[in-house]
Structure formats: C-alpha cells, structure tokens
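Examining the three-dimensional arrangement
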Amino acid sequence: AGDGPPLAGGRPLPTPFGVYFSTNITPDPETGIGRWSDADFLRAMREGLAPDGSSYFPVFPYTSFTEMSDEDLLALHAYLRSLPPVRLANRPPEAWPPFSWRVSAAAWRRRHFRPDRFDPAPQRTATRNRGAYLVRAVAHCGECHTPRTASGALDRSQWLAGTRDGPEGELAPNLTPDADTGLGRWSTPDLVWYLQTGLEPEGDAAEGLMREVIEHGYAHVPRADLEAIAAYLDSLPAIPNESLRRSP
C-alpha cells in the first residue's frame, strides 16, 4: 500500500460492491501466512478457501490461479516464505452487508466458481499453450481485461475484450485481435516491446496500474514467455468493443 512494506497488504481495491484491501502475504505467523502449510497455500490459490475453511472475497483472483500447476504454486509459496516477515494486521472491507460477509463470499463461490487445472490444447503449438497458461492462470489478465456481470463474475463471452470499468476505475484495453478496438494492428515485436518497456507502437506509454504491472512484472519476464503471450492473444477470436473506441 503506497510506500508500505512490500507484500504486507493494505492496498485499497475499490469495486462496485465496496472497497477491499490486499492482505499480508509475508511469512509473519500472526498477521501473515507464516503458519500456512503447502496444502493451505494450494487450497487458497486454487479454491479460494482460507486455512479455517472460510471463503475469500473474489477480489482475490483464485478464479484464475486455480489453473496453475503444483510446481509453480509451490515455487511461489517457497518464495513468499523466504521474505522478511512484516507484522501488519489485515484491514476488513469497507462494504455494506451482505458484501462484507464471508458467508456471501461463500455463496458467490458456489454459484460462480469451479476448481480447474490448465489443460494444454493438443492441436495447438507448445508456444501458444504456454502463452495460454501465462495469460489465463499466472498473469490472470482476464480479471482486469474482461467485462463482468452484475454479480461481479467474468463475462466469458467477452473474454479479454476490455472494459471501461477496470480496477481502480481505469480503462482495461481490448486484448483480442480486433483491428479497430483491440490488438489486431500490433505485431508480436510490438507487444513484446510494450510489455518490456511500456511503450506502444503509436508512441503512447502505459499508465496507472499497467505501468506498475510492467515495471514490477513483465519487464523481468523472459522474451520467450512474452512471445508466447503474444501468440496466445493473436489466436483468440477478434471481439470488437465499441465502448473502447477513441473519440476523434
């Protein structure tokens, strides 16, 4: 949160249902995840359930992390355990009932979530399948770049088609290969360069949350993985999103 300790939580995440706060995932045993076993971590990431069995609010994207592999999830847990512990209590959501109730999160989970695993498409190339895994699971791009229904679930019919109601009120661009409102005019080198530097082919630069994601994430990703992401996005059906069309 702001200039707070890394990964110690407290960043506000405004949604139509209230404001939720990121949680402490440092290995502090009292306020973080220091007492979690590997099984606890896997269940949280894949099923949206806390060690005590309560449901996480779906602002935590377990709906995407559910597709991640054991190997990658256990590597993440090992990394988090290696960090300095920070004692910082988690903040409850600033939301009206029932959106502040864990029982409501459990009801949402039962209605909108099914545990899954990534299954590579046998008719696709290894590069495209790698990109699908990275986009759908690890980087959870759809959580920001896909419109949501009135209940807050992803509208899968508009997968990665972008929305003006992205996180923190920011526009999340269309990532499908639509030529007018998406990435249809971008080449693979264009997208790789953008994810490495934040610079668009037209000369504009990434701003806001995407700038943070690039600086702290994609700028450190191997080029082969960035090219795999580009291959997956290029393989998607082009979905026009007129709401994202720029004014003249």
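Sequence positions are assigned chain by chain, starting from 1 and proceeding in written order. Restriction of local features to residues with pLDDT of at least 70 applies here, the model being predicted, together with a cutoff of 80 or more for giving and counting side-chain atom pairs; totals for whole chains, interfaces and linings are based on all residues. Excluded from the side-chain calculation are hydrogens and water; included are all heavy atoms of the structure.

**Some words on the overall build of the chain**
Counting its secondary structure elements, the chain contains nine helices and two strands. Counting from the N terminus, the helices are DSSP H or I runs at least four residues long and the strands are E runs at least two residues long. Counting helices and strands in the order they occur from the N terminus, the chain gives β-β-α-α-α-α-α-α-α-α-α. For a compact globule of 248 residues, the expected C-alpha radius of gyration is about 18 Å, and the chain comes in at 18 Å, within 12% of that figure. Along the longest, intermediate and shortest principal axes, the C-alpha atoms of the chain span 50 × 40 × 35 Å. For this measure, only C-alpha atoms enter the radius of gyration; the expected value for a globule follows 2.2 Å times N^0.38, where N is the number of residues.

**Digging into unusual backbone geometry**
Cis rather than trans, the peptide bond between Pro97 and Pro98 has omega equal to 10°. Position of Pro98 among the secondary structure elements: in the loop between helix 3 (70-81) and helix 4 (102-112). In this structure, Leu7 takes a positive phi of about 65° despite not being glycine. The residue Leu7 is located in the segment before strand 1 (12-15) in this model. Despite not being glycine, Leu160 has its phi angle at roughly 65°, a positive value. Along the chain, Leu160 falls in the loop between helix 6 (142-145) and helix 7 (188-197).

**Section: the pairing of strand 1**
When DSSP finds at least two bridges between two strands, those strands are taken to pair. Here four bridges tie strand 1 to strand 2 (residues 18-21), and the two strands are oriented antiparallel to one another. Of the residues in strand 2, the one forming a bridge with Pro12 is Phe21. Here strand 1 hands over to strand 2 after two residues, the two strands then running antiparallel side by side.

**Concerning the nonpolar core**
Grouped together as the largest cluster of nonpolar side chains are 39 residues, with contacts concentrated most on Leu160, Leu191, Ile229, Tyr232 and Leu233. When residues of this core are traced back to their parent elements, those giving at least two are helix 1 (38-47), helix 3, helix 5 (126-138), helix 7 and helix 9 (223-235). Here, nonpolar core means buried Ala, Val, Leu, Ile, Met, Phe, Trp, Tyr and Cys residues that are tied together by side-chain atoms lying within 4.5 Å of each other. Working definition: with a 1.4 Å probe on protein chains only, accessible area under 20% of the residue-type maximum means buried, over 50% means exposed, and in between means partly exposed.

**Section: the state of the cysteines**
Disulfides are defined in this document as cysteine sulfur pairs within 2.5 Å. One pass over the full model with this rule turns up zero disulfides. In this structure Cys141 is a free cysteine whose sulfur lies 8.4 Å from that of Cys144, the closest cysteine sulfur available. The class of Cys141 is buried, set by a relative accessible area of 11%.

**Quick look at helix 3**
To estimate how far a helix should reach, multiply one less than its number of residues by 1.5 Å. With twelve residues, helix 3 should reach 16 Å at 1.5 Å per residue; the first-to-last C-alpha distance of 16 Å fits that figure. A contact between two residues is defined here by any heavy atoms of the two lying within 4.5 Å. Packed against the buried residues of helix 3 are helix 1.

**Things to note about the side chain of Thr176**
Its place among the elements puts Thr176 in the loop between helix 6 and helix 7. Here Thr176 falls in the buried class, since its relative accessible area comes to 0%. Any N or O atom pair separated by 3.5 Å or less is treated as a polar contact, with the protein-specific requirement of one donor-capable and one acceptor-capable atom, and with residues adjacent in sequence counted only for side-chain atom pairs. Of the polar contacts made by the side chain of Thr176, one reaches the backbone nitrogen of Ile239; its length is 3.0 Å. Once residues lying within four places of it in the same chain are set aside, the contact partners of Thr176 are Trp159, Leu160, Ala161, Gly182, Leu183, Gly184, Pro237, Ala238 and Ile239.

**Let's talk about the packing of aromatic side chains**
Geometry of an aromatic ring pair is reported as the spacing of the ring centres plus the angle between the planes. Only the six-membered ring of Trp is used, alongside the rings of Phe and Tyr, when aromatic pairs are assigned; centres must lie within 6.5 Å, and planes under 30 degrees apart are stacked while those over 60 apart are edge-to-face, with the rest tilted. Enumeration according to the criterion identifies eight aromatic pairs in this entry. Between the aromatic rings of Tyr62 and Phe113, the centroid separation amounts to 5.0 Å while the plane-to-plane angle is 85°, which identifies the pairing as edge-to-face. Placement of the pair is Tyr62 in helix 2 (residues 62-65) and Phe113 in the loop between helix 4 and helix 5, with a sequence separation of 51 residues. When its relative accessible area of 5% is taken as the criterion, Phe113 is described as buried.

**Digging into the pattern of salt bridges**
A side chain with one charge may pair with a side chain of the opposite charge, provided their charged atoms come close. By convention in these notes, a salt bridge is any Lys or Arg side-chain nitrogen within 4 Å of a carboxyl oxygen on Asp or Glu. In this structure the tally under the stated criterion is twelve salt bridges. Between Asp180 and Arg185 there is a salt bridge whose closest N-O contact spans 3.3 Å. Bridged by salt links that share partners, the residues Arg11, Glu168 and Glu212 form one connected network.

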